[in-house]
Amino acid sequence: MDRVSAFDEPLKKLLGGATAKVMAEHLDLHTVGDLLHHYPRRYEERGRLTALTDLPLDEHVTVVAQVADARIMMFNNGRGKRLEVTLTDGSGRLQLVFFGHGVHKPHKELLPGRRAMFAGKASVFNRKMQLAHPTYQLLDAKDGDEADEAADVTEAVDAFAGQLLPIYPACKQLDSWRIAKAVDTVLPSAQEAVDPLPPALREGRGFVPLPEALLRIHRPQTKADIAAARDRLRWDEAFVLQVALARRRYADTQLPAVARGPVPDGLLDAFDATLPFTLTEGQQKVTEEIFGALATEHPMHRLLQGEVGSGKTLVALRAMLRAVDAGGQAAMLAPTEVLAQQHHRSITEMMGELAEGGMLGGSDLGTKVVLLTGSMGTAARRQALLDLVTGEAGIVIGTHALIEDKVQFHDLGLVVVDEQHRFGVEQRDALRSKGKQPPHLLVMTATPIPRTVAMTVFGDLETSVLDQLPAGRSPIASHVVPAKDKPHFLSRAWERVREEVENGHQAYVVCPRIGDDADEAGEKKGKAGKKQAAPDDAEKRPPLAVLDIAEQLAKGPLTGLRVEVLHGRMAPDDKDDVMRRFAAGQVDVLVATTVIEVGVNVPNATAMVIMDADRFGVSQLHQLRGRVGRGSAPGLCLLVSEAHEASPARARLSAVAATLDGFELSRIDLEQRREGDVLGQAQSGVRSSLRVLSVIDDEEVIAAAREEAVRVVAADPGLDELPELRTALDALLDKDREEYLDKG
């Protein structure tokens, strides 16, 4: 068997069809290599029992404990029987329950004093923690079996107590110890592992060879074995991914692009002269970075991340004007029609007569700013397409309609993508392919991203950070409203909304659901996988809905106010009409879904009430809150929740209420959610998601791996001298996924 194929061997050849099928369907493990990279989550020390007091509710758990008591109980007038077993570990007790025919074997085996490993789902019955029908594996010999040799018993107990039992990420259909047995079967193949780290790097950092790391992580003799293996495997994950991204960045530097340098006394200078304020230091610094990159003959690939309301749109507009000055066109891609229309409206307002090039009353220096969306009428659409192909329109703002084949540009010089995580890379790539040469690319995200995530997810883009709010932005006070514990707080919330309206302001009310029960599939799909409900959300009732809440408010606490609704399944013209009237002050309270999450800019809106706030993620709440406090009056954000005070959901809301720092919140978000959710789409481009690398805790590892990767790729872009690293990259990225990164 050659060195590569040992890892590619299908599991069903070695483990049998039934086990392999469960592994494939429930754990996404298909080959020997997949299973060898399925690392233990933790290790039990035999002889030191798991704390039964710390078991997480409703999770599949594995415990090592001793039987304190076992008894058969009859019920249904003697027709039914159950076995109740009480476990102890010195710190607490745990009940096991077996029913029906399943009681015979455990009744014979689980005798008081016996020790075993048990796995099942932890639940509560009669206020006691229990495992119903757990699977188990006995860990000691039966009483008296070894009574002849006292010395042998002591020796056996010592050996038993010294062993580290690997506990694997498991599923209901396959327990940890069955996975351990399967690993034993494939472990000899670890010797065939191809080591991706260049020898000099491995030796310089004192890492153990890869085959040894795999043996140590699965079958450690000591805790030092586990630490050495984790250090090594963590580096592999960081380094191979960073090499893939470094090669992508290197390839970009080899592409040709038209340099878009400064043009004195052009459109940009004319625009700057009309600005009624000076740019913040942050805006000036970021603009210099972007302008510097635009002036090179290789395509810029830059991520502009900034706090909610930090003025990213202005920075992007000035970059677009620079591209137009230099003879190119600029396209801004927005994820929704509401946002595309909003951008078009705000950009034409900011530019004034400069957005009316070629029109009566327009400036001689001006250009046309056109909107292109899927729902436009035929005549308007035809005119917009004509303006693009002739070059009459220097700036176009649109949705994915911009990507269609029939859309042709005169000379596309810059693509700005707003809220990048809502777009597939294929869509972004399709737009970029419309330039005569690859256009420059600026990706904007209003979701602050911790540095480690930016290096891991957006590692193919250079990053500019805008973390300074413009002068005049008002503070936003945020409070949690515990609707269940203190209903009068909710009543007070609606009084506050009334007060804001009476003072001449407006308010948003945000709900997780639309409520027309064509069930929310459309709206949720449009979120590109963005999770609506929090994982610890214990609520059984459906989330509150826009249509229901709007009706209740209009007839109840907000009666007499002008209440309207906005959601993703309204006709585009209706959505635009509601937004226009809200922006014009003709609507007092807008009850909406998260369709208002990004980009919507109504400075007169000062209050926001978020219903079922615990059903939104931390970053999403921060985004929503950023819609208020955009004018001179202070903002108010009320997070309404029925979650219990001691629940993780309430802790999340308290964190949001406690700080306006999006970067701090993104870190909290990352710590509270699974990293896979955060890495999301970028990791979907990579076959093996992160297993031992933590983007929260391993910032130094990721940063060092990035430096090493840049050095390696600069010296040997094709990795011709490092065939093992190439093999590891091929294992990480299949053809489709490599293209994913190439498009990134």
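See the structure above.
Just so it is clear, the model here is predicted, and its values are computed rather than measured.

Analysis parameters
- Residues numbered from 1 in each chain as written.
- Predicted model: local features only at pLDDT ≥ 70, side-chain atom pairs only at ≥ 80, totals over all residues.
- Heavy atoms only, no water.
- Helix = DSSP H or I, 4+ residues; strand = E, 2+ residues; numbered from the N terminus.
- Buried < 20%, exposed > 50% of the residue type's maximum accessible area, 1.4 Å probe, protein only.
- Areas by Shrake-Rupley, 256 points an atom, 1.4 Å probe, with all protein chains shown as cover.
- Phe/Tyr/Trp six-rings, centres within 6.5 Å; stacked < 30°, edge-to-face > 60°.
- Lys NZ or Arg CZ within 6 Å of the ring centre and 35° of its normal.
- Pairing = 2+ DSSP bridges.
- Axes fitted to C-alpha atoms, helices over the stretch in contact; angles between N-to-C directions.
- 1 Å grid on protein atoms, 1.4 Å probe; cavity = no way out; pocket = protein on both sides within 12 Å on 5 of 7 lines; lining within 4 Å.
- Points joined across faces, edges and corners; volume = space filled by probe spheres on them.
- Nonpolar A, V, L, I, M, F, W, Y, C, P; charged D, E, K, R; others polar.
- Expected span 1.5 Å × (residues − 1).
- Salt bridge = Lys/Arg side-chain N within 4 Å of Asp/Glu carboxyl O.
- Parallel < 35°, antiparallel > 145°, perpendicular 65-115°, else oblique.
- Left-handed = near helix turned anticlockwise from the far one by under 90°.
- Contact = heavy atoms within 4.5 Å.

Q: Quick question: what am I supposed to make of the overall build of the chain here?
A: Helices and strands together make up the secondary structure of the chain, namely 28 helices and 21 strands. Burial status across the chain gives 54% buried among its 744 residues. Carbon and sulfur atoms form 51% of the exposed surface of the chain, whose accessible area is close to 32,900 Å².

Q: Help me out: how do you make sense of the packing of aromatic side chains in this one?
A: Each aromatic ring pair is characterised by the separation of its centres together with the angle its planes make. Applying the stated rule across the entire model yields five aromatic pairs. The interplanar angle of 80° and the centroid separation of 6.4 Å between the aromatic rings of F98 and Y136 together place this pair among those described as edge-to-face. Taken together, the residues span a long stretch of sequence, with F98 in strand 4 (residues 93-99) and Y136 in strand 7 (residues 135-138) at a distance of 38 residues. Judged by relative accessible area, which is 3%, F98 ranks as buried. For Y136, a relative accessible area of 17% translates into the label buried. Pairing F207 with W235 gives two aromatic rings, centres 5.8 Å apart and planes at 50°, and the pair type is tilted. One end of the pair, F207, is in the loop between helix 8 (199-204) and helix 9 (210-218); the other, W235, is in helix 10 (residues 223-254), with 28 residues separating them in the sequence. Under the relative-accessibility criterion, F207 is labelled buried at 15%. On the basis of relative accessible area, W235 is assigned to the buried category, the value being 5%. Here the aromatic cluster, defined as three or more aromatic residues joined through ring pairs, consists of F98, F118 and Y136. Residue placement shows R322 over the ring face of F291; its charged tip is 4.0 Å from the ring centre.

Q: What should I look at first to understand the sheet that holds strand 19 (residues 589-592) in this one?
A: Strand pairing in a sheet relies on backbone hydrogen bonds. The paired strands run either parallel or antiparallel. Pairing within the open sheet is parallel, and its six strands lie in the order 16-21-20-17-19-18. Of all strands in the sheet, those with a lone pairing partner are strand 16 (476-482) and strand 18 (563-566), marking the two edges. Recorded for the sheet is a direction-independent mean angle of 20° between the axes of neighbouring strands. The sheet contact formed by strand 17 (residues 506-510) and strand 20 (residues 605-610) spans five bridges and is parallel. From the neighbouring strand, A507 faces strand 20, where its bridge partner is A607.

Q: For this particular structure, what's the right way to read empty space enclosed by the protein?
A: Rolled over the atoms, a probe sized like a water molecule indicates the empty space that remains. In this structure the tally under the stated criterion is two cavities of 30 Å³ or more. If you add up the space inside the largest cavity, you get close to 60 Å³. Forming the walls of the largest cavity are A257, V258, R260, D411, L412, G413, G435, K436, Q437, P438, P439 and H440. The class makeup of the residues in the lining of the largest cavity is five nonpolar, four polar and three charged.

Q: Quick question: what am I supposed to make of helix 13 (residues 312-325) here?
A: Because each turn of an α-helix spans 3.6 residues, side chains separated by three or four positions in sequence point in the same direction. An ideal rise of 1.5 Å per residue puts 20 Å on 14 residues; helix 13 measures up with 20 Å between its terminal C-alpha atoms. Counting buried residues along helix 13, 13 of its 14 residues qualify, which places the element largely inside the surrounding structure. Looking one or two places after helix 13, you find G327, whose phi comes out positive at around 90°.

Q: What should I look at first to understand the pattern of salt bridges in this one?
A: It is possible for side chains of opposite charge to pair when their charged atoms get near one another. Per the stated rule, a full pass over the model turns up 33 salt bridges. For the salt bridge of E551 with K555, the shortest nitrogen-to-oxygen distance reads 2.9 Å. One end of the pair, E551, and the other, K555, are both in helix 20 (residues 546-555), four residues apart, so they sit about a helical turn from each other. Of the charged contacts, one joins R581 and D577 as a salt bridge, the two residues approaching to 3.2 Å between their closest N and O atoms. Note that R581 and D577 are positioned in helix 21 (residues 572-583) at a spacing of four residues, about one turn of the helix. A cluster of three or more residues bridged by salt bridges with shared partners is formed by R492, E495, R496, E499 and E500.

Q: Got a minute to help me understand the pairing of strand 9 (residues 301-306) in this structure?
A: Taken residue by residue, a regular strand's side chains alternate between the two faces of the sheet. Summarising burial for strand 9: six of the six residues are buried, a large majority. Where burial is concerned, the two faces of strand 9 agree: the one with H301, L303 and Q305 and the one with R302, L304 and G306 are both buried. Sheet topology note: the strand 9/strand 14 (residues 440-445) ladder contains five bridges and is parallel. Looking at the pairing, L303 lines up with V443 of strand 14. Inspection of the sheet shows strand 9 paired to strand 15 (residues 462-466) by five bridges, in the parallel sense. For L304, the partnering residue across the bridge sits in strand 15 and is S464.

Q: What is the right way to look at the packing of helix 9 against helix 10 in this model?
A: Helix-helix packing: each pair is described by the crossing angle between the helix axes and the interaxial distance. Between helix 9 and helix 10, the least distance of the axes is 8 Å, while the angle of their chain directions is 130°. With respect to their mutual orientation, helix 9 and helix 10 come out oblique. Relative to helix 10, helix 9 is oriented so that their crossing is left-handed. Across from L210, A213, L214, R216 and I217 in helix 9, the residues of helix 10 making contact are D225, A228, A229, R230, R232, L233 and D236. Here the residues of the contact of helix 9 with helix 10 sort into seven nonpolar, no polar and five charged.

Q: It is not clear to me how the sheet that holds strand 13 (residues 412-418) should be interpreted in this structure. Could you clarify?
A: Pairing in this open sheet of seven strands is parallel, and the strands run 11-12-10-13-14-9-15 from one edge to the other. At either margin of the open sheet sits one strand with a lone partner, and together these are strand 11 (368-372) and strand 15. Shown here is a sheet whose adjacent strand axes are inclined to one another by a mean of 20°, direction ignored. Sheet topology places strand 11 next to strand 12 (residues 393-398); five bridges connect them, and they run parallel. By the bridge assignment, V369 is partnered in strand 12 with I395. Of the strands in this sheet, strand 10 (329-333), strand 11, strand 12 and strand 13 are in contact with helix 14 (residues 337-351), which crosses strand 11 at around 170°. With respect to the sheet, helix 15 (residues 378-390) is in contact with strand 10, strand 11 and strand 12, its orientation differing from that of strand 11 by roughly 130°.

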